[in-house]
Amino acid sequence: MLFPLTIAVPVDAAGQRVDLFLRTQLPDTSRARVQQLIAEGKALVNQAWAKPSLKLKGGETITILGDPEPASLRAIAEDIPLEVLYEDRDLAVVNKPAGMMVHAGAGATEDARNRGTLVNALLHRFARQGGLSAVGGETRPGIVHRLDKDTSGLILIARNDAAHRNLARQFSGRAIKKRYIALVHGWPERVSGTINLPISRDAVRRTRMTTRGARGRSAVTHYEVRERIQSPYGKFALLDVHIETGRTHQIRVHMASIRHPVVGDTLYGAPGVLRAGKPLSKASGKKGKVSSEALEPAALSLSRNFLHAAAIEFAHPRTGKALGFTASLPESLTGYLDKLCGR
């Protein structure tokens with residue numbers, strides 16, 4: 001891109017925020033980078049500095065003076081084992097374990113909040129192999145999309161900026177296909193279904209998302225029942241889930257919205273402990289007496305969500321070749337399923 005770059009604002013763009021308008025004019029630049037351009041005074045409106053939230057009137061001239069200054073990475077490289085299913089000079093496919101955050105929060109410093117994340121592990125792994133893309137910012141190098149901390153499975157990593165932008169376009173264009181496996185409480189009425197409900201941040205409990213907000217973002221989730229399970233702990237359904245959008249907690253909040261929360265997901269209404277319908281009868285205490293513990297129902301708990309990103313399909317960002325990868329359920333979930341079913 002040659003600078004300075006001049007963009008004429010059409011009349012029909014009146015009312016748009018300047019950062020959102022520029023995002024449409026600079027398709028290879030993320031919204032965060034656009035906002036950084038404006039903050040650094042490198043995107044002027046009628047030769048004057050403006051806030052990213054400035055509403056355009058139509059007819060203005062926007063001048064782009066240069067690229068935003070790349071911020072130095074503050075994430076810390078750590079020697080953490082990674083299961084890498086595929087890697088080349090453009091990307092990597094990693095099977096993330098549950099319990100690992102993808103990246104630290106914005107503004108994280110060299111303390112416990114910035115330790116043990118996927119980014120920390122990636123920085124160590126790829127530091128001497130060409131590095132990672134910088135499009136995502138200083139705390140998210142290489143990160144094109146995310147998985148929740150307590151969700152395991154496949155995640156794409158961008159090794160350079162061009163690959164990052166290409167993969168981001170595939171995500172935004174819904175060209176990347178992902179399949180999740182989820183165990184939910186109860187039996188959905190239909191063998192398959194679609195949940196099309198907007199998702200927004202819960203106004204009261206800020207760690208939660210909700211489908212009841214007034215200004216939610218569109219979200220579409222498709223599910224198919226793989227197995228209906230009748231167990232001593234109740235009814236459960238093992239699902240294949242496909243998502244068209246990638247909203248925060250999307251599968252979890254969508255399944256909870258139809259009263260089938262993901263097992264282990266206490267944030268969205270799943271119980272922390274499952275108890276069998278009948279108490280144990282074989283255990284006994286001293287002198288042949290039945291112990292008080294034997295009168296309690298059998299209990300089963302899961303320290304994570306029963307949600308796993310099992311498959312992903314996409315086009316290679318450089319060659320366009322179709323690629324697909326799968327990751328089996330981890331032992332923590334297969335073992336839990338065996339206990340649930342009494343196998």
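Further up the page is the structure itself.
This report concerns the structure included in the present document.

1. Comments concerning the sheet that holds strand β1 (residues 5–8)
- The three strands are arranged β1-β3-β2 in an open sheet whose pairing can be described as antiparallel. With one partner strand each, in any of the chains shown, β1 and β2 (43–45) form the two edges of the open sheet. Pairs of neighbouring strands in the sheet enclose a mean axial angle of 20 degrees, with direction left out of account.
- Bridge count between β2 and strand β3 (residues 61–64): three bridges; the pairing is antiparallel. For Leu-44, the partnering residue across the bridge sits in β3 and is Thr-63.

2. A short note on the pairing of strand β11 (residues 220–231)
- Of the strand pairs in this sheet, strand β8 (residues 192–196) and β11 are connected by five bridges, and their pairing is antiparallel. Bridge assignment links Thr-194 to a residue of β11, and that residue is His-222.
- Taken together, the ten bridges between β11 and strand β12 (residues 234–243) define a ladder with antiparallel strand orientation. Residue pairing in the sheet places Ile-229 in a bridge with Phe-236 of β12.
- The hairpin formed by β11 and β12 contains two residues between the paired strands.

3. Thoughts on the environment of Thr-151
- By the secondary structure assignment, Thr-151 is in the loop between α3 (118–126) and β6 (152–158).
- Judged by relative accessible area, Thr-151 falls into the buried class, the value being 2%.
- When the C-alpha positions of Thr-151 and Leu-307 are compared, they lie 5.5 Å apart, and in sequence the two are 156 residues distant.
- Those residues in contact with Thr-151 that sit more than four places away from it in its chain are Lys-96, Pro-97, Ala-98, Arg-304, Leu-307 and His-308.

4. As for the nonpolar core
- With 51 residues, the main nonpolar core has Leu-118, Leu-122, Ile-157, Leu-183 and Phe-306 as its most contacted residues.
- Membership of the second largest hydrophobic core comes to 16 residues, among which are Phe-21, Leu-26, Leu-37 and Ala-43.

5. A few points about the pattern of salt bridges
- On inspection of all chains with the given rule, the structure shows ten salt bridges.
- Note that Arg-125 and Glu-87 form a salt bridge whose closest N and O atoms lie 2.3 Å from each other. Residue Arg-125 is located in helix α3, and its partner Glu-87 is located in strand β4 (residues 84–87); the two are separated by 38 residues in the primary sequence.
- By relative accessible area, Arg-125 is classed as partly exposed at 31%.
- With a relative accessible area of 29%, Glu-87 lands in the partly exposed category.
- Residue Asp-148 is joined to Arg-252 by a salt bridge in which the shortest nitrogen-to-oxygen separation is 2.9 Å. On the criterion of sequence distance, the pair formed by Asp-148 in the loop between α3 and β6 and Arg-252 in helix α5 (residues 250–257) is long-range, its members being 104 residues apart.
- For Arg-252, a relative accessible area of 8% puts it in the buried group.
- Via salt bridges that share partners, Asp-148, Arg-252 and Asp-265 belong to a single interconnected network.

6. With respect to the side chain of Ser-200
- Of note, Ser-200 is situated in strand β9 (residues 200–201).
- A residue is classified by how much of its surface remains accessible, and Ser-200, at 13% relative accessible area, is buried.
- Sequence-distant contacts of Ser-200, defined by excluding residues within four places in its chain, comprise Met-209, Thr-210, Gly-213, Arg-215 and Gly-216.

7. A word on the environment of Asn-120
- Positionally, Asn-120 belongs in helix α3.
- The spacing of Asn-120 and Arg-140 is 20 residues in sequence and 9.7 Å in space, taken between C-alpha atoms.
- In this view, Asn-120 contacts Ala-75, Ile-76, Ala-77, Glu-78, Ile-80, Asn-114 and Arg-115; residues no more than four positions away in its chain are not counted.

8. Describing a positive patch on the surface
- Together, Arg-140, Arg-146, Arg-201 and Arg-206 line one region of the surface with positive charge.
- Tracing the backbone through its elements, the reader meets Arg-201 in strand β9.
- Its relative accessible area of 39% is what places Arg-201 among the partly exposed residues.

9. Considerations on helix α4 (residues 161–172)
- Here α4 contains twelve residues, and its C-alpha end-to-end distance of 16 Å stays within 8% of the 16 Å for a straight helix at 1.5 Å per residue.
- Taken as a whole, α4 has its buried residues at Ala-163, His-164, Asn-166, Leu-167, Gln-170 and Phe-171. In a view along the axis of α4, the buried residues occupy a sector of 170 degrees, so they form one face of it. Seen from the buried face of α4, the exposed residues on the opposite side, beyond 90 degrees, are Ala-162 and Ser-172.
- Next to the buried residues of α4 lie β6, β7 (177–185) and β15 (307–315).
- Put simply, Asn-160 is the residue that caps the front of α4, since its side-chain oxygen is 3.4 Å from the backbone nitrogen of Ala-162.
- One or two steps after α4, the chain reaches Arg-174, where phi turns positive at roughly 60 degrees.

10. Focus on the packing of aromatic side chains
- Following the criterion strictly, the structure yields three aromatic pairs and no others.
- Centre to centre, the rings of Tyr-86 and Phe-325 are 5.4 Å apart; their planes meet at 40 degrees, and the pair counts as tilted. Of the two residues, Tyr-86 is situated in strand β4 and Phe-325 in strand β16 (residues 322–326); the sequence distance between them amounts to 239 residues.
- Geometrically, the ring pair formed by Phe-314 and Phe-325 is stacked, given 6.2 Å between the ring centres and 25 degrees between the ring planes. Placement of Phe-314 in strand β15 and of Phe-325 in strand β16 is noted, with a sequence separation of eleven residues between them.
- Judged by its relative accessible area of 4%, Phe-314 falls in the buried class.
- A relative accessible area of 14% means that Phe-325 is categorised as buried.
- These aromatic residues form a ring-pair network of at least three members: Tyr-86, Phe-314 and Phe-325.
- Across from the ring centre of Trp-187, 4.4 Å away, lies the NZ or CZ of Lys-235, which sits over that ring.

Analysis parameters
Residues numbered from 1 in each chain as written. Predicted model: local features only at pLDDT ≥ 70, side-chain atom pairs only at ≥ 80, totals over all residues. Heavy atoms only, no water. Pairing = 2+ DSSP bridges. Helix = DSSP H or I, 4+ residues; strand = E, 2+ residues; numbered from the N terminus. Axes fitted to C-alpha atoms, helices over the stretch in contact; angles between N-to-C directions. Buried < 20%, exposed > 50% of the residue type's maximum accessible area, 1.4 Å probe, protein only. Contact = heavy atoms within 4.5 Å. Core = buried A, V, L, I, M, F, W, Y, C linked by side-chain atoms within 4.5 Å. Salt bridge = Lys/Arg side-chain N within 4 Å of Asp/Glu carboxyl O. Patch = residues over 30% accessible without salt bridge, like charges linked within 9 Å, V, L, I, M, F, W, Y side chains within 5 Å. Areas by Shrake-Rupley, 256 points an atom, 1.4 Å probe, with all protein chains shown as cover. Lys, Arg positive; Asp, Glu negative; His and termini not counted. Charge placed at Lys NZ, Arg CZ, Asp CG, Glu CD. Expected span 1.5 Å × (residues − 1). Arc of directions from axis to C-beta. Polar contact = N/O pair within 3.5 Å; in protein donor to acceptor, adjacent residues only side chain to side chain. Phe/Tyr/Trp six-rings, centres within 6.5 Å; stacked < 30°, edge-to-face > 60°. Lys NZ or Arg CZ within 6 Å of the ring centre and 35° of its normal.

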